[in-house]
Amino acid sequence: PNVEIKSGSIIMPNVSLSNCKIGEKSLIQSGCVIGGKGFGFTPSDKIEIMHIGNVLIGNNVDIGSNTTIDRGSIDSTIIEDNVRIDNLVQIAHNVEIGKNSIIASQTGIAGSTIIGKNCLIGGQVGISGHLLIGNNVRIAAKSGVTKNILDNMTVAGFPAQDILKWKKMIINNIRDSK
């Protein structure tokens, strides 16, 4: 229900689409679930929070196998033009991903996080909810992002920090252990 697919887009086998609009010349690979309900409930009584939004996928977007993109709670989850998303990525409700960004496998992005344009996110990155990730940001593989990241930064580690600071810490830890 509530699906619109523009010309030139390819949907591979075993994809589940609902509540989404897919732009031109996009590729949705096998096993994806796009537009499913988000993960939300009241903590004490476990009463489900309804998700009535949708997913908007731009033009020339490539989404890898077995990736899930949840619909927004009220507004939209947005994937802008020319984004590349690898296999096995989880994108929660109300996330926005800017143009030309690339996300590697096994990354999880919690709800309502906004990722800028031209970002590179390594594999197995975890990004907490309600964060702002600037434009041209690079996040090293296996990093845990718990705070906002400014434009043009490169971060690594857990918690994610400037990569030069992280490298110094790792070198010092290696020296101290000898």
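Scroll up to find the structure this text is about.
Residues numbered from 1 in each chain as written. Predicted model: local features only at pLDDT ≥ 70, side-chain atom pairs only at ≥ 80, totals over all residues. Heavy atoms only, no water.

Draft legend 1. Spotlight on helix α1 (residues 163-177). Helix length check: α1, at 15 residues, gives a terminal C-alpha distance of 21 Å against a target of 21 Å (1.5 Å per residue), a fit within 8%. Of the residues that open α1, the one with a side-chain oxygen 2.9 Å from the backbone nitrogen of leucine 164 is aspartate 162. (Helix = DSSP H or I, 4+ residues; strand = E, 2+ residues; numbered from the N terminus. Expected span 1.5 Å × (residues − 1). Polar contact = N/O pair within 3.5 Å; in protein donor to acceptor, adjacent residues only side chain to side chain.)

Draft legend 2. Region of interest: the packing of aromatic side chains. All chains considered together, the criterion is met by one aromatic pair. Measuring from ring centre to ring centre gives 5.1 Å for phenylalanine 39 and phenylalanine 41, while their planes differ by 85 degrees; the resulting arrangement is edge-to-face. Overall, the relative accessible area of 65% leaves phenylalanine 39 in the exposed class. Judged by its relative accessible area of 33%, phenylalanine 41 falls in the partly exposed class. (Phe/Tyr/Trp six-rings, centres within 6.5 Å; stacked < 30°, edge-to-face > 60°. Buried < 20%, exposed > 50% of the residue type's maximum accessible area, 1.4 Å probe, protein only.)

Draft legend 3. Fine view of the environment of isoleucine 34. Relative to the elements of secondary structure, isoleucine 34 occurs in strand β6 (residues 33-36). Among the residues examined, isoleucine 34 registers a relative accessible area of 0% and is labelled buried. In this structure, the C-alpha to C-alpha distance between isoleucine 34 and asparagine 19, residues 15 residues apart in sequence, is 7.9 Å.

Draft legend 4. Local environment of the sheet that holds strand β19 (residues 132-133). Read across the open sheet, the seven strands follow the order β1-β4-β7-β10-β13-β16-β19; overall the sheet is parallel. Among the strands making up the open sheet, the edge pair consists of β1 (3-5) and β19. Looking at chain direction, strand β7 (residues 54-57) and strand β10 (residues 76-79) are connected through four bridges and run parallel. Bridging across to β10, isoleucine 57 finds its partner in isoleucine 79. (Pairing = 2+ DSSP bridges.)

Draft legend 5. Just the pattern of salt bridges, in detail. By the definition in use, this model includes one salt bridge. The salt bridge involving glutamate 48 is made with lysine 37; its shortest N-O contact spans 3.5 Å. Here the residue glutamate 48 occupies a position in the loop between β6 and β7, and lysine 37 occupies one in the loop between β6 and β7, the gap between them amounting to 11 residues. (Salt bridge = Lys/Arg side-chain N within 4 Å of Asp/Glu carboxyl O.)

Draft legend 6. Spotlight on unusual backbone geometry. Each neighbour pair has its own omega, and for phenylalanine 158 with proline 159 the value is -5 degrees, a cis peptide bond. Topologically, proline 159 is positioned in the loop between β22 (154-156) and β23 (161-162). A positive phi angle is found at asparagine 2, which is not glycine, with a value near 60 degrees. Examined against the element boundaries, asparagine 2 turns out to sit in the segment before β1. Not every positive phi belongs to a glycine, and histidine 130 is a case in point at roughly 60 degrees. If you trace the backbone, histidine 130 turns up in the loop between β18 (126-127) and β19.

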